[in-house]
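Residues per chain, in single letters:
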Amino acid sequence: MTATADAGVAPAAPRGRGARARIAHEEFFDYQPTSTADLPDPRPLIENLTRCVIEILAGARDLEQIARWVTDDVYRTLLTRASISARARAARGAPTVRPTFAVGEPRITGPRDGVIEAVVVVTSRARARAVAIRLEGLDRRWRASAISVL
């Protein structure tokens, strides 16, 4: 036996560009799924994300404020939608105004362990919108893997 095996040190992950090295990298450094039982109540996060997303699209809140609670794909999608909204406001010459709206009670389902899907109805004076959010338990916290504003 070698000195490292005697000391109880795990062997180093394979290096290189092969499939074996890629699997080892993903296994140790990718997001780790977490069971629903090991996660906090998702209701406050759902309500806060809903409020924040509506304010981001209105231009009243910075997208960076929710970056830690969303996946990279959701961040890019919201960034695109926020920039389109900002261009539309600029073309109309409309100022950025903090929206006034009421957030309804979220309807939450759990299709499988570690995943929550919710729909929240947001009403304002002019109209009502639905915000659909999918949360996944990753690295012992909830992260939004999909957000759609209808």
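Note on numbering: residues in each chain are counted from 1, in written sequence order. This being a predicted model, a pLDDT of at least 70 is required before a residue's local features are given, and a value of 80 or more before pairs of side-chain atoms are given or counted; all residues contribute to the totals for chains, interfaces and linings. Hydrogens and waters are ignored; side-chain quantities use all the structure's heavy atoms.

Side note on the pairing of strand E5 (residues 141-149)
Here comes step 1: Bridge analysis of strand E4 (residues 128-138) against E5 gives eight bridges, and the strand direction is antiparallel. By the bridge assignment for E5, Ile-133 is matched with Ile-147.
Here comes step 2: By the convention used here, strands pair only if DSSP detects at least 2 bridges between them. Helix numbers and strand numbers start at the N terminus; a helix is a DSSP run of H or I with at least 4 residues, a strand a run of E with at least 2. Hairpin connection, E4 to E5: the antiparallel pair is bridged by two residues, and Asp-139 has positive phi, about 55°.

What to know about the side chain of Arg-143
Here comes step 1: Residue placement: Arg-143 occurs in strand E5.
Here comes step 2: There is a polar contact of 2.7 Å between the side chain of Arg-143 and the backbone oxygen of Val-70. N or O atoms closer than or at 3.5 Å make up a polar contact, with two conditions inside protein: a donor-capable atom paired with an acceptor-capable one, and, for residues adjacent in sequence, both atoms drawn from side chains.

Things to note about the pattern of salt bridges
Oppositely charged side chains are able to pair whenever their charged atoms sit close together.
Here comes step 1: For salt bridges, the criterion is a side-chain nitrogen of Lys or Arg within 4 Å of an Asp or Glu carboxyl oxygen. What the rule picks out here adds up to six salt bridges.
Here comes step 2: Between Glu-55 and Arg-61 there is a salt bridge; the shortest N-O distance is 2.7 Å.
Here comes step 3: Overall, Glu-55 belongs to the buried group, its relative accessible area being 7%.
Here comes step 4: The shortest N-O distance in the salt bridge between Glu-55 and Arg-98 comes to 3.3 Å. Here Glu-55 is found in helix H3 (residues 43-58), whereas its partner Arg-98 is found in the loop between helix H4 (72-92) and strand E1 (102-103), with 43 residues between them in sequence.
Here comes step 5: Given the relative accessible area of 49%, Arg-98 is considered partly exposed.
Here comes step 6: Each of Glu-55, Arg-61 and Arg-98 takes part in salt bridges that share partners, so that together they form one network. Between buried and exposed lies partly exposed: a residue is buried under 20% and exposed over 50% of the maximum accessible area for its type, with that area taken using a 1.4 Å probe on protein chains only.

Considerations on the confidence of the model for the chain
Here comes step 1: Scored from 0 to 100, pLDDT reflects the predictor's confidence in each residue. Residue-level pLDDT values for the chain average 87, and 81% of them are 70 or greater.
Here comes step 2: The element-level mean pLDDT for the chain is lowest in helix H1 (residues 3-6), coming to 47, with strand E3 (residues 115-123) highest at 98.

A closer look at the packing of H3 against H4
Here comes step 1: Convention adopted: a line fitted to C-alpha atoms gives each axis, helices being fitted over their contacting stretch, and angles between N-to-C directions are expressed from 0 to 180 degrees. One way to put it is that H3 packs onto H4 with a least axis distance of 7 Å and a crossing angle of 40°. On the basis of their axis angle, the class for H3 and H4 is oblique. Here Val-53, Ile-56, Leu-57 and Ala-58 of H3 lie close against H4, whose contacting residues are Leu-78, Arg-81, Ala-82, Ser-85 and Arg-89.
Here comes step 2: Residue classes follow a fixed rule: Ala, Val, Leu, Ile, Met, Phe, Trp, Tyr, Cys and Pro count as nonpolar, while Asp, Glu, Lys and Arg count as charged, and any other residue, Gly among them, counts as polar. In terms of residue class, the contact of H3 with H4 is made up of six nonpolar, one polar and two charged. What sets the label is the angle itself: under 35 degrees gives roughly parallel, over 145 gives roughly antiparallel, 65 to 115 gives roughly perpendicular, and the rest give oblique. Should any heavy atoms of two residues lie within 4.5 Å, those residues are counted as being in contact.

Regarding the nonpolar core
Here comes step 1: To define a nonpolar core, start from buried Ala, Val, Leu, Ile, Met, Phe, Trp, Tyr and Cys residues and group those joined through side-chain atoms within 4.5 Å. With 26 residues, the main nonpolar core has Leu-49, Ile-66, Ile-133, Leu-135 and Ile-147 as its most contacted residues.
Here comes step 2: Listed by contribution, the elements that provide at least two residues to this core are H3, H4, E3, E4 and E5.
Here comes step 3: Broken down by element, this core gets its largest block of residues, eight residues, from H3.
Here comes step 4: Look past the residues within four positions of Ile-66 in its chain and what remains in contact with it is Leu-49, Cys-52, Val-53, Ile-56 and Leu-78.

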